[in-house]
Amino acid sequence: MASDNTATLTPLLDPLLPTSTAVATAAHATRLSEVDRVIAAIDEAMRTVWGQHSATRPCPQPDVVDTTPLSAEQQREAAALMRVNHVGEVCAQALYASQAWGTRDPQLKAHFEAAAREETDHLAWTEQRLRELGGRTSLLNPLWYAGAFGIGLLAARAGDAVSLGFVVETERQVEAHLNSHLDQLAPHDHASRAIVAVMRDDEVAHANAAQEAGGVPLPAPVRGLMKLAAKVMTFTAHRI
Ligand SMILES: [Fe+2]
Ligand SMILES: [Fe+2]
């Protein structure tokens, strides 16, 4: 009788056992992959803030030969402006990383990751120019990165269209900001100007790409807040 019962139950239990094991394994794998993501994000943050970056494109070079030296004041100001730009690029890495983290759309994630790779060129170029000018990167870079990562996560939580709209607005503000640097740099600081001009053109392309991908305009108060945050960042990074 007992063997008859076992024979009856076995086909019923058999499919359950592997399923429960599979569920437990999948849950474990999900936990592991979450941990992996956190570790990867921390690794990326540390490499952005403290690592040396190499560009995939050559550093933009001036198309004029002008050996007029910069005065000490012009050199100091150019280094301060380049530090501000470098902080902007640190923030760009954090924003794209968090927005890639926050979207569930694999295509959009790939879009953000590709944009972040292109921004790495900007990071490398501004670092190189800072060294040439005898300047240094911002001491507050870990703070800038953390703040921007948080803001990017908030944008991502508002949905993909808003997240893309946030990219459009950010890149447009950076474009305006880089244009203002072209006004402030010494006219004969061709090396800095060449870098800033190419960065500005890239930021325009990033804004257009995000717009075409479906970015929606942000409400005026949000745009105002972003401008205010950018002002605080540029004022501080110019000095620290
Ligand atoms: Fe950039
Ligand atoms: Fe950009």
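Residues numbered from 1 in each chain as written. Chains lettered and ligands numbered in written order. Predicted model: local features only at pLDDT ≥ 70, side-chain atom pairs only at ≥ 80, totals over all residues.

## Regarding the overall build of the protein chain
Thought 1: Secondary structure assignment for the protein chain yields eight helices and zero strands.
Thought 2: Scanning the protein chain from its N terminus toward the C terminus, one meets helices and strands in the order α-α-α-α-α-α-α-α.
Thought 3: Restricting to contacts in the protein chain with at least 6 residues of sequence separation, those with at least 24 account for 86%. (Helix = DSSP H or I, 4+ residues; strand = E, 2+ residues; numbered from the N terminus. Contact = placed C-beta atoms within 7 Å.)

## Here's the deal with the nonpolar core
Nonpolar side chains in soluble globular proteins generally cluster together in the buried interior.
Thought 1: In this structure, Cys91, Ala94, Tyr96 and Ala148 are the most contacted members of the largest nonpolar core, which totals 37 residues.
Thought 2: Of all the elements in the fold, those that place two or more residues in this core are helix H3 (72-102), helix H4 (106-132), helix H5 (141-157), helix H6 (160-184), helix H7 (190-212) and helix H8 (220-237).
Thought 3: With 14 residues, the top contributor of residues to this core is H3.
Thought 4: Not counting the four nearest positions on each side in its chain, Tyr96 is found in contact with Phe112, Ala115, Ala116 and Glu119.
Thought 5: If you look at the next biggest cluster of nonpolar residues, it comprises six residues, including Val174, Leu178, Ile195 and Val196. (Core = buried A, V, L, I, M, F, W, Y, C linked by C-beta atoms within 7 Å. Buried ≥ 20, exposed ≤ 12 C-beta atoms within 10 Å, placed from the backbone.)

## Considerations on the packing of H6 against H8
Two measures define how a pair of helices packs: the angle their axes make with one another and the distance between the axes.
Thought 1: For the pair H6 and H8, interaxial distance at closest approach is 11 Å and the crossing angle is 45°. On the basis of their axis angle, the class for H6 and H8 is oblique. In this structure, H6 meets H8 at a crossing whose hand is right-handed. Residues Glu169, Thr170, Gln173 and His177 of H6 pack against Arg223, Met226, Lys227 and Ala230 of H8.
Thought 2: For the contact of H6 with H8, the residue count by class is two nonpolar, three polar and three charged. (Axes fitted to C-alpha atoms, helices over the stretch in contact; angles between N-to-C directions. Parallel < 35°, antiparallel > 145°, perpendicular 65-115°, else oblique. Left-handed = near helix turned anticlockwise from the far one by under 90°. Nonpolar A, V, L, I, M, F, W, Y, C, P; charged D, E, K, R; others polar.)

## Some words on H4
Thought 1: Along its 27 residues, H4 runs 40 Å from first to last C-alpha, staying within 8% of the 39 Å computed at 1.5 Å per residue.
Thought 2: Positive backbone phi, approximately 75°, marks Gly134, located one or two places after H4. (Expected span 1.5 Å × (residues − 1).)

## Here's the deal with the confidence of the model for the protein chain
Thought 1: Put simply, the protein chain has an average pLDDT of 85, and 87% of its residues get 70 or more.
Thought 2: Every residue in residues 1-17 is under pLDDT 50, and counting partners more than four places away or in other chains gives zero contacts. (pLDDT = per-residue confidence, 0-100.)

## Let's talk about the packing of H4 against H7
Thought 1: The interhelical angle for the contact between H4 and H7, taken along N-to-C directions, is 165°, at an axis separation of 11 Å. Taken as axis vectors, H4 and H7 run roughly antiparallel relative to one another. For the crossing formed where H4 meets H7, the hand is left-handed. Facing H4, whose interface residues are Ala115, Glu118, His122, Trp125, Thr126, Arg129 and Glu132, H7 presents Ala191, Ser192, Ile195, Met199, Asp202 and His206.

## Description of the environment of Asp183
Thought 1: For Asp183, the position within the fold is in helix H6.
Thought 2: With 10 residues separating them along the chain, Asp183 and Arg193 place their C-alpha atoms 9.6 Å apart.

## Focus: the environment of Ala80
Thought 1: Here Ala80 lies in helix H3.
Thought 2: Owing to 18 C-beta atoms within 10 Å, Ala80 belongs among the partly exposed residues under this scheme.
Thought 3: Residues Ala80 and Thr137, 57 residues apart in the sequence, show an inter-C-alpha distance of 9.1 Å.

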